[in-house]
Amino acid sequence: MNKSLARILALVLILSMLPFSALADTPSAQELAEGYIAVLSGLEWGTAGATLKTAAAAGEVCAFAERYGLYDLDADALQANLRAAYDDMGEDGQAAFWAGFDAVRALIDDCLEDDEANHSLFEDAGAAETMNSVMCDPLNRLAWENLRDCTLSMRNDEGMPGAADPAAAEKIDYLALVNKLHPLPKGWEDALETVTITNSLGDEVEVETRAYAAYLLLKTDLEENDGIYLELDSARRSVAAQQDIMDRFTQKYGADYAAKTVATPGYSEHHTGLALDLYFRIKNDDGTFTDVYYNEDMTRPEYEGLWATVHAKLADYGFILRYLPDKEYITGYGYEPWHIRYIDNADMAKEIMAQPGMTLEKWLGAAADAGATVDYGTSELYTPEELKEAAVQVKCRFASFAGCELHTLRYAGDDCNTEENLAWMNQLDEGKGYVQVAEFISDFHSPIQPGDDEAWEADKEYTNWQWWLARTADGGWQLLTWGY
Ligand SMILES: [Zn+2]
């Protein structure tokens, strides 16, 4: 079923349950707000009961406007009412209000603007017809437009989140995978709708609209029930901003250093606007707050319980923890308790979070099974940490071998660091001035049914597959080539 259709059905089902007749002719601000909230909070669960009773339900939408006399109220009065009610809602209610409003707006506006589109939104031609005629009644149209415009102009006031095109919710893929191997999808930045807020440190933070609404719900829940005060450290960074940083670092420190320390523009999950870096505030005895935002502070053992509480609630609001302990070889990053990702689907988030060690890569099937333990052997040249860093590069790359299963990965031994091999590496990546070489060897199994664009022989054990890395005098490992 069309997602928007499910939403409007949910909306109208809830509307039809509201005790309209018990209310006075002209609604108070409180009544308006309660009506909205009742509608909006039912958007998700209501879909379960959505059957095509659209004809009657559409009538209810209009009856709602009519009973409240929304088209009789002058715009200024309506806006003042809405504004007063909004201020009383609390963050919780406000977030739900905006998330739902956009969904409702998208659908009703579609009905009003385009008869053809309207028909395509509904599976039942008869229902579409009725919805159409109800929504095209000038009085109903006026009622809706008045309410919509007042709500929108209220949002355009300073500090209101998400003056967004409601259709944007359909344009971006909330499950998009962006990591060191998968770039930001094309067209993303054009489709993205964001809000910009100021955090407790006075920094501006830009977040995707729906992710922000969900974050507010999470934050409120944790404050009210657990006494944990979350803040947003950073969320969206544009590709251009990342390129700027890369350029400045390159100019100042050289390309090598820049490549090592700055994430490649286009390959950071923060580009999506759906990745949020959290920090928290500790409430002091005198009621003041202390910000805790440095990575080394946030990861102190005394805060493990705090993070566990936060993580346990992420999925309820459609978030997952993205960079898990010991999964660097899949995600490309070490453990980051503060980095969460919005996927706009609480049920799926719960499934992911319920499985220990489940990464988004693996969930989406993009990651091959690269969980094999590594045999580092013995080395006079490299410390175990240095070899581990190299192995991570290999496993990261292996993770892009869709459907392959890594069985073993072993360091080939110090004999690989020959002048000949070094020359080869420097020939592969000219001008870098590599000074050392490391070779790893692996056995893995190809997929039973490889995809069309993959060169694997089906269902075969590939043994002694080589991985070649090199590094400069001050640099980290660079994986330069692999294969036979
Ligand atoms: Zn982050």
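Residues numbered from 1 in each chain as written. Predicted model: local features only at pLDDT ≥ 70, side-chain atom pairs only at ≥ 80, totals over all residues.

What follows deals with the overall build of the protein chain. Across its full length, the protein chain holds 20 helices and twelve strands. Counting contacts in the protein chain only where the partners sit at least 6 residues apart, residues at least 24 apart contribute 72% of the total. (Helix = DSSP H or I, 4+ residues; strand = E, 2+ residues; numbered from the N terminus. Contact = placed C-beta atoms within 7 Å.)

Let us look at the confidence of the model for the protein chain. Taken residue by residue, the protein chain gives an average pLDDT of 75. The fraction at 70 or more is 63%. Here residues 161-169 scores under 50 on pLDDT; set against residues more than four positions off or in separate chains, the count is 25 contacts. (pLDDT = per-residue confidence, 0-100.)

Attention now moves to unusual backbone geometry. Phi at D326 is positive, roughly 65 degrees, even though this residue is not glycine. Here D326 is to be found in the loop between β6 (319-321) and α16 (328-331). A positive phi is found at D344, a non-glycine position, where the angle reads about 60 degrees.

One key point about sheets: their strands pair by backbone hydrogen bonds, in either a parallel or an antiparallel sense. With respect to topology, five strands assemble into an open sheet ordered β8-β9-β10-β11-β12, the strand pairing being mixed. This sheet does not close on itself; its edge strands, each paired only once, are β8 (374-375) and β12 (478-483). For strand β10 (residues 436-445) and strand β11 (residues 461-471), the ladder comprises nine bridges, and the chain directions are antiparallel. Its bridge partner being in β11, S442 is matched across the sheet by W465. (Pairing = 2+ DSSP bridges.)

Right, let's get into the nonpolar core. Grouped together as the largest cluster of nonpolar side chains are 37 residues, with contacts concentrated most on V207, A214, L276, L314, F319 and I320. Secondary structure elements with two or more residues in this core: β2 (204-208), α11 (209-226), β3 (229-234), β4 (275-283), α15 (304-314), β6, β7 (339-342) and α17 (346-354). Among residues more than four places away in sequence, those in contact with L314 are F319, I320, L321, I340, A349 and M353. Counting 26 residues, the second-largest nonpolar core is a separate cluster that includes V374, V437, A438 and W468. (Core = buried A, V, L, I, M, F, W, Y, C linked by C-beta atoms within 7 Å. Buried ≥ 20, exposed ≤ 12 C-beta atoms within 10 Å, placed from the backbone.)

Turning our eyes to something else, we now look at the pairing of β7. Taken residue by residue, a regular strand's side chains alternate between the two faces of the sheet. Across three bridges, β4 lies against β7 in antiparallel orientation. Bridge pairing in β7 places A275 opposite R341. Bridging between β6 and β7 involves three bridges; their strand directions are antiparallel. Residue pairing across strands places F319 opposite Y342, the latter belonging to β7.

Turning our attention to the packing of α11 against α15. Running from N to C, α11 and α15 point in directions that differ by 130 degrees, and their axes come no closer than 11 Å. With respect to α15, the element α11 is oriented oblique. In this structure, α11 crosses over α15, and the sense of that crossing is right-handed. The segment α11 lies against α15, with L218, D221, L222 and D226 engaging T309, V310 and K313. For the contact of α11 with α15, the per-class residue count stands at three nonpolar, one polar and three charged. (Axes fitted to C-alpha atoms, helices over the stretch in contact; angles between N-to-C directions. Parallel < 35°, antiparallel > 145°, perpendicular 65-115°, else oblique. Left-handed = near helix turned anticlockwise from the far one by under 90°. Nonpolar A, V, L, I, M, F, W, Y, C, P; charged D, E, K, R; others polar.)

Take the environment of A211 next. Along the polypeptide, A211 turns up in helix α11. Residue A211 is classed as buried on the basis of its 27 C-beta neighbours within 10 Å. Here the alpha-carbon distance between A211 and Y317, two residues 106 residues apart in the chain, equals 9.1 Å. Discounting chain neighbours no more than four positions away, the residues touching A211 are G273, L274, L276 and Y342.

With that settled, consider the pairing of β10. Across six bridges, the pairing between strand β9 (residues 405-411) and β10 is antiparallel. Note that in β10 the partner of R410 across the bridge is I441.

With 15 residues, helix α12 (residues 239-253) ought to run about 21 Å at 1.5 Å a step, and its terminal C-alpha atoms sit 21 Å apart, in line with that. The first or second residue beyond α12 is G254, which carries a positive phi of 95 degrees. (Expected span 1.5 Å × (residues − 1).)

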